[in-house]
Amino acid sequence: MQVVIFKLKDEQFAVETSRVQTISEVMTITKVPNAPRFVKGLINLRGSVLSMLDLNMLLDIGESSAEQQSTIILKLEDELVGIAVDQVDEVLDIDEAIIESIGDDSRKAYEKGVINFKDRIVTFVDIDKLITTG
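No experiment lies behind these values; they were computed from the predicted model shown.

S.K.: Got a minute to help me understand the sheet that holds strand β3 (residues 20-25) in this structure?
M.R.: Strand pairing in a sheet relies on backbone hydrogen bonds, with the paired strands running either antiparallel or parallel. As summarised here, the arrangement of the five strands in space is β3-β6-β7-β5-β4, forming an open sheet in which the pairing is mixed. The open sheet has two free edges, formed respectively by β3 and β4 (39-45), since each of these has just one partner strand. When the angles between neighbouring strand axes are averaged without regard to direction, this sheet yields 30°. Here β3 pairs with strand β6 (residues 70-76) via five bridges, running antiparallel. The partner of I23 across the bridge, within β6, is I72.

S.K.: When you look at the side chain of N56 in this model, what are you seeing that I'm missing?
M.R.: As for its placement among the helices and strands, N56 is situated in helix α1 (residues 55-58). When near neighbours in sequence (up to four residues on either side) are disregarded, N56 contacts L8, K9, I61, G62, E63, S64 and Q68.

S.K.: Just to check I follow, could you spell out the environment of A66 for this structure?
M.R.: Looking at where A66 falls in the secondary structure, it is placed in the loop between α1 and β6. Taking the relative accessible area as the measure of exposure, A66 reaches 44% and is therefore partly exposed. When the C-alpha atoms of A66 and F124 are compared, they prove to be 22 Å apart, with 58 residues separating the residues in sequence.

S.K.: Even after reading the chapter, I still don't get the pairing of strand β5 (residues 48-53), so can you show me in this structure?
M.R.: Sheet faces and side chains relate simply in a regular strand, where the side chains alternate between the two faces. Here β4 runs beside β5; their pairing, made up of six bridges, is antiparallel. Directly across from G41, in β5, lies its bridge partner M52. Taking the residues between adjacent antiparallel strands as the criterion, β4 and β5 are bridged by two residues, where R46 takes a positive phi near 50°. With three bridges connecting them, β5 and strand β7 (residues 79-85) associate as parallel partners. Bridge pairing in β7 links M52 to G82.

S.K.: Where do I start with the sheet that holds strand β9 (residues 99-100) in this structure?
M.R.: Pairing is mixed in the open sheet, where six strands are placed in the order β8-β1-β2-β11-β10-β9. For this open sheet the edge positions go to β8 (87-93) and β9, each flanked by a neighbour on one side alone. Two strands pair when backbone bridges link them, and strand β1 (residues 2-8) and strand β2 (residues 11-16) are joined in this way by six bridges, in the antiparallel orientation. By the bridge assignment for β2, F6 is matched with F13.

Reading guide: rules and limits
- Residues numbered from 1 in each chain as written.
- Predicted model: local features only at pLDDT ≥ 70, side-chain atom pairs only at ≥ 80, totals over all residues.
- Heavy atoms only, no water.
- Pairing = 2+ DSSP bridges.
- Helix = DSSP H or I, 4+ residues; strand = E, 2+ residues; numbered from the N terminus.
- Axes fitted to C-alpha atoms, helices over the stretch in contact; angles between N-to-C directions.
- Contact = heavy atoms within 4.5 Å.
- Buried < 20%, exposed > 50% of the residue type's maximum accessible area, 1.4 Å probe, protein only.

Shown next as structure tokens:
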């Protein structure tokens, strides 16, 4: 399985590359009145208008002190959405056996588990559950 590892604040997260449409530099966001709090606004990706989601709010980790440098475009069912991240660290091939389960904490329903590397722990995010619980 391949994953994209990215950073928000001082934490690292991963999503499956099969869900990633593209990665680009941060984009201009147009605010939308009366949108849900986790929607930052709209972005224009090569002529297509997409929702930009506030992943910090959805993950409940607070605002990043660093300026967000990258936008990851994700495919959710039949819709594309953008998330702004502090930085994209790497794309890795991992063995699914190294993904550790974290129990049944309902507040963390969006976590598929953690990827325990020797030098760091990365939270593996189920992006569908994250969006539906947000």
